[in-house]
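Structural overview for review
Each chain is listed here by its residues.
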Amino acid sequence: MSRSIYWKLTVPLILLVLLALGFLGFYMINTTRSSQISHLKSQLVNEAKLVANISTSSFADPVQQANLDTIAKTISGEISTRITFIAKDGTVLGDSDQDPATMENHLTRPEVAAAITTGEGQATRYSATLHENMMYVAVLVKNQGQLLGIARVALPLTTVESSVNAEVTTIISGIAIAALLFIATAALITRMITHPVRQITKAAESIASGNLEQIIPTRTYDEIGRLGHAFNDMSQHLKTTMASIVEGRSNLA
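Let me sum up the structure you'll find in this document. Please read these numbers as outputs of a predicted model, since none were measured by experiment.

Concerning the overall build of the protein
Counting secondary structure elements, the protein contains five helices and five strands. Listing each helix as α and each strand as β along the protein from the N terminus yields α-α-β-β-α-β-β-β-α-α. A separation threshold of at least 6 residues defines the contact pool for the protein, and within that pool the share at least 24 residues apart is 53%. When the accessible surface of the protein is split by element, carbon and sulfur atoms take 61% of a total near 15,100 Å².

Take a look at the structure:
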C-alpha cells in the first residue's frame, strides 16, 4: 500500500514535469530554428548586396561582363557561398559552381522573379544544377537607378540545418538534464512525504497484531507530523487502557 501511495504521487508529478518540459522544448526549438533561419537569411541578403555592389561595374560594361564568372568563383571561395550573376533577361552570366553557358534561363526562378518585382527575393527549393536543396537570396544590380541584372547567393540547406541543429542539440541537452534533475527531485520529495505514512502504517499493523510498544518519531508539525503525534497519543492511551484492564482483571481474580 505504501508503494502504491508513493507511485500514485510520483508518476503524475513526473509526467506533469515531462509534459511541461516537452512543451517548453518544442517552443524553444521552433523559436530557435526560426531565429537561426531568419538570421541566415539576413546574412545572405547582406552578402547578396555586397556581391551586387562589387559586380556593378562589370554589369555596366558589356565587355567586362565576361569577367562575372571569374568574379563569382573568386568571391565564392572567400565567403563559402554559391554566387550567380544573372542578366536582366534571365541569362546566367556567371556562377561559382557551374559553367554559365550550360545553365538554363533563370528569369522564372522564384527568387529572381521576386527580386525583379520587389527588389529582393528569397526562396528555398531543390537545385536541379547541384542536386540538393538550397536557400537562395537575389537582389537587383543597379547603376543610377537603371537595372543591370541580378546578383544571387545561395547556401545548401545542409549548411543551414547544421547551424540550426547545433543550437537544437544544446537545447535538447539542457532540457534532458533539467528533466533528470526534476525527476530525481520529485522522487525525493515524494519519498519524504510518504515515508512517515509508511511508518504509521507499519506501526498500526504492529498494534493490530498485539504489539502496543509503538512510537512514531516525529520531526515536523505539519499535517503528517500532527498525524504522527496523534498516533503516538493514541498508542500511549491504548497502552494505558490495556494496562488498566489487565490490572482490573488481576484484582478480580
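The rest of the description comes next.
Some words on a nonpolar patch on the surface
A grouping of W7, V11, L15 and L18 is seen on the molecular surface, where their side chains present a nonpolar patch of about 370 Å² in accessible area. Examined against the element boundaries, L18 turns out to sit in helix α1 (residues 2–60). Since its relative accessible area comes to 38%, L18 is described here as partly exposed.

Some points on the packing of aromatic side chains
If you walk through the whole model with that rule in mind, you get one aromatic pair. Judged by centre distance (5.8 Å) and plane angle (80°), the rings of F59 and F85 are edge-to-face. In this pair, F59 is assigned in helix α1 and F85 in strand β1 (residues 82–87), connecting sequence segments 26 residues apart. Residue F59 is classed as buried on the basis of its relative accessible area of 3%.

A few points about the pairing of strand β5 (residues 146–156)
In terms of residue burial, β5 counts as a mostly covered element, since nine of its eleven residues are buried. Two strands pair when backbone bridges link them, and β1 and β5 are joined in this way by six bridges, in the antiparallel orientation. Looking at β5, one finds that T84 is bridged to R152. As judged from the ten bridges shared by strand β4 (residues 132–143) and β5, these two strands associate in the antiparallel manner. Note on β5: the bridge partner recorded for A138 is R152.

Some remarks on the nonpolar core
The nonpolar side chains of a soluble globular protein tend to be buried with one another. Counting residues in hydrophobic clusters, the biggest one holds 23 residues, and the most contacted among them are V51, F59, I83, F85, A151 and V153. For this core, the elements supplying multiple residues, two or more each, are α1, α2 (68–79), β1, β4 and β5. Take this core: its biggest share by element is six residues, from α1. Contact partners of V153, with chain neighbours within four places excluded, come to L44, E47, A48, V51, T81, R82, I83, M135, Y136 and V137. If you look at the next biggest cluster of nonpolar residues, it comprises eight residues, including V17, V168, I171 and I175.

Observations regarding the environment of M28
Looking at the secondary structure, you find M28 in helix α1. Each C-alpha atom, one on M28 and one on V168, is 8.5 Å from the other, the two residues being 140 residues apart in sequence.

Description of the pairing of β4
In the sheet, strand β3 (residues 120–127) pairs with β4 via eight bridges, with the strands oriented antiparallel. Bridge pairing in β4 places G121 opposite A138. Where β3 folds back on β4, the antiparallel hairpin that results is connected by four residues, among which H131 adopts a positive phi of roughly 60°. Turn length for the β4-β5 hairpin, with the two strands adjacent in sequence and antiparallel, is two residues, and the turn residue Q144 shows positive phi of about 55°.

Section: the pattern of salt bridges
Opposite charge on two side chains lets them pair, provided their charged atoms get close. For the structure shown, the criterion picks out five salt bridges. A salt bridge links D69 to K73, with the nearest nitrogen and oxygen atoms 2.9 Å apart. On the criterion of helical spacing, the pair formed by D69 and K73 is a turn pair, its members being four residues apart in helix α2. For K73, a relative accessible area of 37% corresponds to the partly exposed category. R125 is the partner of E111 in a salt bridge, and the nearest nitrogen-oxygen pair spans 2.6 Å. A residue pair is termed long-range when its members are at least 10 positions apart, and E111 in helix α3 (residues 110–118) and R125 in strand β3 qualify at 14 residues. By the burial criterion, E111 is buried, and R125 matches it. Each of the salt bridges in this network shares a partner with another, and the network as a whole consists of E111, R125 and R152.

Reading the values: rules and limits
- Residues numbered from 1 in each chain as written.
- Predicted model: local features only at pLDDT ≥ 70, side-chain atom pairs only at ≥ 80, totals over all residues.
- Heavy atoms only, no water.
- Helix = DSSP H or I, 4+ residues; strand = E, 2+ residues; numbered from the N terminus.
- Contact = heavy atoms within 4.5 Å.
- Areas by Shrake-Rupley, 256 points an atom, 1.4 Å probe, with all protein chains shown as cover.
- Patch = residues over 30% accessible without salt bridge, like charges linked within 9 Å, V, L, I, M, F, W, Y side chains within 5 Å.
- Salt bridge = Lys/Arg side-chain N within 4 Å of Asp/Glu carboxyl O.
- Buried < 20%, exposed > 50% of the residue type's maximum accessible area, 1.4 Å probe, protein only.
- Phe/Tyr/Trp six-rings, centres within 6.5 Å; stacked < 30°, edge-to-face > 60°.
- Pairing = 2+ DSSP bridges.
- Core = buried A, V, L, I, M, F, W, Y, C linked by side-chain atoms within 4.5 Å.

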